[in-house]
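Single-letter residue listing:
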Amino acid sequence: MNKKISLQWQLTLMTAFLVILCCSMLSYTISTSAVLHMENIEDSFITIFPKEMLSGTEIENTEGFFTLTDDFLSQIADTKILFWQKSIFITILITCISSFFVYFMVGYFLRPLSILSQQVKEVHSKNLHQKVELKTTSQEITNLVDAFNGMLNGLNNAFDVQRQFAANAAHELRTPLAITRSKLDVFNKRPEHSIDDYENMLSMIQIQSTRLSKIVDVLLEMTELQSIERSDVISLDELVEEILCDLTDFAYEKNVILHQYPGNARFTGSNLLVYRAIYNLVENAVKYNRSGGSVSIHIKQDTSFATVTIEDTGLGIPEADYEKIFEPFYRIDKSRSRAMGGAGLGLALVREIAQQHGGTAQVLNSSLNGTKIQITFGRHT
């Protein structure tokens, strides 16, 4: 297992490398310039005192001249070596001193990150509501803390929704089981049973098991939404026409008229999921409608969204419940919904499907004369 180097050491080593590089380049430049000037001095010296000037009467001083020239060249060579030695020593000294200061300065400026790291380690599912507090003058670290607190807030909300969903799901699953168990207990305490008793018991078990099956099916659908591929090119007028055909018998039983207005929209998504979302909305509009009422479907498109509006002539929805009806297991009239076989998950599934397609579902308006609900899908074609 490779041990990772801390950011403090990484910055220190990088600084030391840069110092060495800069000092080396500076030393090389100065040395090259100095040697060039020394060679120019040498050339000038020979030019001023050429060998021919020392002929004749001054021939006896020629040996001294050459000795002087050799000493001068030797001094130049020694000076270059000494210069490089001092340059290397100064480079090492500057590197050590600068690295020492950089190490402690980086440690000082990174100290808020160490504190933040310690606070992050203390975060768990039960204290997501507590924000991380860190005083620092660094704008980058402040932005990081704000982003982390925003993430914690989102996670806390998600956990709250999950806990509420789990509690509601447990309650909904427990209710039919409790009813079945209590009926069986009463049934077993009777010494004798008639054929009607057996038929009633079987009928009750069938009803409750069907209810359990519906709840489990919808729960599985909601958990698998993320994995369903959304690459179908959907034509909403054809899809809505198919849904109305499938609901014709149900609407006939409820004495409700279905009507689709002209209009179309196309987008890319999951044909299966979009069908289920619109089907749930139209089915609810029929189920909770008046006898002799109607359900109208309008399709519209623009540059950003494909829109389906379902308008019914039912009893309406209280304004306070416009958003709540899209929450899992929420019912306006619990006894009525259960009597009609509802599990309180249909509209929650509708909104989730819409959000998976870049849109949403909402109640536009509602009164005693009916309700208008709209579902939108982001257009990608």
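What you see as residue numbers is a count from 1 along each chain, following the sequence as written. Thresholds applied to this predicted model are a pLDDT of at least 70 for local features of residues and 80 or more for the giving and counting of side-chain atom pairs; totals over whole chains, interfaces and linings are not thresholded and use all residues. Only heavy atoms go into the side-chain values, all of them from the structure, while hydrogens and water stay out.

K.L.:
Explanation requested: the packing of helix α7 (residues 271–287) against helix α9 (residues 346–356) in the structure shown.
P.N.:
Helix-helix packing is described using two parameters, namely the angle between the two axes and the distance between the axes. Orientation of α7 relative to α9, taken along the N-to-C sense of each, is 140°, at an axis distance of 9 Å. Taken together, the axes of α7 and α9 lie oblique to each other. The chirality of how α7 crosses α9 is left-handed. In contact with L273, V274, R276, A277, N280, L281 and N284 of α7, α9 contributes G346, L347, L349, V350 and I353. Helix axes are fitted to C-alpha atoms over the stretch in contact, other axes to C-alpha atoms as well, and angles between N-to-C directions run from 0 to 180 degrees. The helix and strand labels rest on DSSP assignments: H or I over at least four residues marks a helix, E over at least two residues marks a strand, and numbering proceeds from the N terminus. Oblique is the label for any angle not under 35 degrees, not over 145, and not in the 65 to 115 range, which are roughly parallel, roughly antiparallel and roughly perpendicular in turn. Crossing handedness is read from the near helix: turned anticlockwise from the far helix by less than a right angle, it gives a left-handed crossing, and turned clockwise, a right-handed one. The contact criterion used throughout is that any non-hydrogen atoms of two residues lie within 4.5 Å.

K.L.:
Explain the sheet that holds strand β4 (residues 294–301) here, please?
P.N.:
Being paired, for any two strands, means DSSP has found at least two bridges between them. Strand order in this open sheet of five strands is β2-β4-β5-β7-β6, and the pairing throughout is mixed. Looking along the sheet, the strands with just one partner apiece sit at the ends: β2 (257–260) and β6 (361–367). Geometrically, the sheet is characterised by an average inter-axis angle of 15° between neighbouring strands, direction not taken into account. Sheet strands touched by helix α5 (residues 236–246): β2, β4 and β5 (305–312). Its angle to β2, the strand with the most contacts, is close to 170°.

K.L.:
Hey, could you run me through the packing of aromatic side chains in this one?
P.N.:
Between two aromatic rings, the relevant description is the distance of the centres plus the angle of the planes. Centre distance within 6.5 Å is the pairing criterion for rings of Phe, Tyr and Trp, where only the six-membered ring of Trp is used; planes under 30 degrees apart are then read as stacked, over 60 as edge-to-face, and the remainder as tilted. The final tally for this structure, using the stated rule, is three aromatic pairs. A ring pair is formed by F187 and Y198, whose centres lie 5.3 Å apart and whose planes are at 70°; its orientation type is edge-to-face. Taken as a pair, F187 in helix α3 (residues 139–189) and Y198 in helix α4 (residues 195–223) lie far apart in primary sequence, 11 residues in all. Centre to centre, the rings of Y275 and Y279 are 5.7 Å apart; their planes meet at 25°, and the pair counts as stacked. You can see Y275 and its partner Y279 sitting in helix α7, four residues apart, about one turn around the helix.

K.L.:
Quick question: what am I supposed to make of α7 here?
P.N.:
In an α-helix, one turn spans 3.6 residues, which is why side chains three or four residues apart end up on the same side. Under the convention used throughout, the expected extent of a helix is 1.5 Å for every residue step, that is, one less than its residue count. Helix length check: α7, at 17 residues, gives a terminal C-alpha distance of 24 Å against a target of 24 Å (1.5 Å per residue), a fit within 8%. For every residue, the accessible area obtained with a 1.4 Å probe (protein chains only) is divided by the maximum for its type, and the residue is called buried under 20%, exposed over 50%, and partly exposed between those limits. When α7 is considered as a whole, its buried residues turn out to be L273, V274, Y275, A277, I278, N280, L281, V282, A285, V286 and K287.

K.L.:
What should I look at first to understand the packing of α5 against α7 in this one?
P.N.:
Following both chains from N to C, one finds α5 and α7 inclined at 50°, their axes separated by 10 Å at the closest point. The orientation of α5 with respect to α7, classified from their angle, is oblique. For the pair α5 and α7, the crossing hand works out as right-handed. Within the contact between the two elements, α5 uses L236, L239, V240, E242, I243, L244 and D246 and α7 uses N271, V274, Y275, I278, Y279 and V282. The residue inventory of the contact of α5 with α7, partitioned by class, reads 10 nonpolar, one polar and two charged. Side-chain classes follow a simple rule in which Ala, Val, Leu, Ile, Met, Phe, Trp, Tyr, Cys and Pro form the nonpolar group, Asp, Glu, Lys and Arg form the charged group, and the remainder, Gly included, forms the polar group.

K.L.:
Is there a simple way to think about the pairing of strand β3 (residues 266–269) in this case?
P.N.:
Within a regular strand, the side chains alternate between the two sheet faces. Of the two faces of β3, the one lined by F267 and G269 is fully buried and the one lined by R266 and T268 carries no buried residue. The pairing of strand β1 (residues 232–235) with β3 spans four bridges and is classified as antiparallel. Residue S235 lies in a different strand from β3, and its bridge partner there is R266.

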